[in-house]
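# An overview of the molecular structure
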Amino acid sequence: QVQLVESGGGLVQAGGSLRLSCAASGSIFSINAMGWYRQAPGKQRELVATVTSGRRTNYGDSVKGRFTISRDNAKNTVYLQMNSLKPEDKAVYYCNAGDLIAGPHRYIELWGQGTLVTVSS
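Now for a look at the structure at hand.

## Let's talk about the overall build of the chain
Summing up its helical and strand segments, the chain has zero helices and 11 strands in all. The helix and strand sequence of the chain, counted from the amino end, reads β-β-β-β-β-β-β-β-β-β-β. Against the compact-globule benchmark of 14 Å for 121 residues, the chain has a radius of gyration of 14 Å, which places it among compact chains. Dimensions along the principal axes, computed over C-alpha positions, put the chain at roughly 50 × 25 × 20 Å.

Below you can see the structure in the form of C-alpha cells.
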C-alpha cells in the first residue's frame, strides 16, 4: 500500500524555522511531482510549493523567498525548509504526490494526513 507520511510540524516562534519531511512508502517506481499545500482554519487549501522529478520548483506567492522545497528521488522524500515564519503561516500542511507509479498501479494524486504548524507571535 502506498502512503505519504509527513513529519516535522510543531510550534515555533515568529521568525523561526521548521523543516517538514514527507516520505512516500510502498513499491514506488516513480513520482512526477511532489509538493506541499496548506490549509488554515476557515480558509481553502492553498499551494505552498511543488517540485518535479527534474527538480523544477514552483512556490506560492506568500512563501517565496522564505520557504525552500527540495526532494530526494532515491528516497521518494520531499522536504520543505521554512524560514522567517510568520503567524499567518499557521496551518495544517499537507504533502502531495502527483502521477505516482507503484507496481501495477498508477495514482493520479495522493495526499498525506497533514501536519500542524503553529507560529506564535
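## Focus: the packing of aromatic side chains
Within this structure, the stated rule accounts for one aromatic pair. Here Arg-19 stacks its cationic end above the ring of Tyr-79, 4.1 Å away from the centre of that ring.

## Here's the deal with the environment of Arg-56
In this structure, Arg-56 sits in the loop between strand E5 (46-52) and strand E6 (57-59). With a relative accessible area of 66%, Arg-56 lands in the exposed category. For Arg-56, the residues in contact, after removing those within four places along its chain, are Thr-50 and Val-51.

## Re the nonpolar core
Counting 32 residues, the largest nonpolar core has Trp-36, Leu-80, Met-82 and Tyr-93 as the members making the most contacts within it. If you list the elements that add at least two residues to this core, you get strand E3 (18-25), strand E4 (28-39), E5, strand E7 (67-72), strand E8 (77-82), strand E9 (91-102) and strand E11 (115-120). Take this core: its biggest share by element is six residues, from E9. In this view, Tyr-93 contacts Glu-6, Leu-20, Trp-36, Tyr-37, Arg-38, Val-48, Phe-67, Leu-80, Met-82, Gly-114, Thr-115 and Val-117; residues no more than four positions away in its chain are not counted.

## Focus: unusual backbone geometry
In this structure, Arg-55 is a non-glycine residue whose phi angle is positive, near 70 degrees. With respect to the helices, strands and loops of the structure, Arg-55 is situated in the loop between E5 and E6. The phi angle at Ser-84 is positive, at roughly 50 degrees, despite the residue not being glycine. If you trace the backbone, Ser-84 turns up in the loop between E8 and E9. Ser-84 gets classed as partly exposed once you look at its relative accessible area, which sits at 41%.

## Topic: the sheet that holds E8
If you trace the four strands from one edge of the open sheet to the other, you get E1-E3-E8-E7, paired in antiparallel fashion. Taken across any chain shown, the strands that pair with only one partner, and hence form the sheet edges, are strand E1 (3-7) and E7. Along the sheet, successive strands turn relative to each other by an average axial angle of 15 degrees, direction set aside. Bridge analysis of E3 against E8 gives six bridges, and the strand direction is antiparallel. Bridge pairing links Leu-20 to Leu-80 in E8.

Cut-offs and rules
- Residues numbered from 1 in each chain as written.
- Predicted model: local features only at pLDDT ≥ 70, side-chain atom pairs only at ≥ 80, totals over all residues.
- Heavy atoms only, no water.
- Helix = DSSP H or I, 4+ residues; strand = E, 2+ residues; numbered from the N terminus.
- Rg over C-alpha atoms; globule rule 2.2 N^0.38 Å.
- Phe/Tyr/Trp six-rings, centres within 6.5 Å; stacked < 30°, edge-to-face > 60°.
- Lys NZ or Arg CZ within 6 Å of the ring centre and 35° of its normal.
- Buried < 20%, exposed > 50% of the residue type's maximum accessible area, 1.4 Å probe, protein only.
- Contact = heavy atoms within 4.5 Å.
- Core = buried A, V, L, I, M, F, W, Y, C linked by side-chain atoms within 4.5 Å.
- Pairing = 2+ DSSP bridges.
- Axes fitted to C-alpha atoms, helices over the stretch in contact; angles between N-to-C directions.

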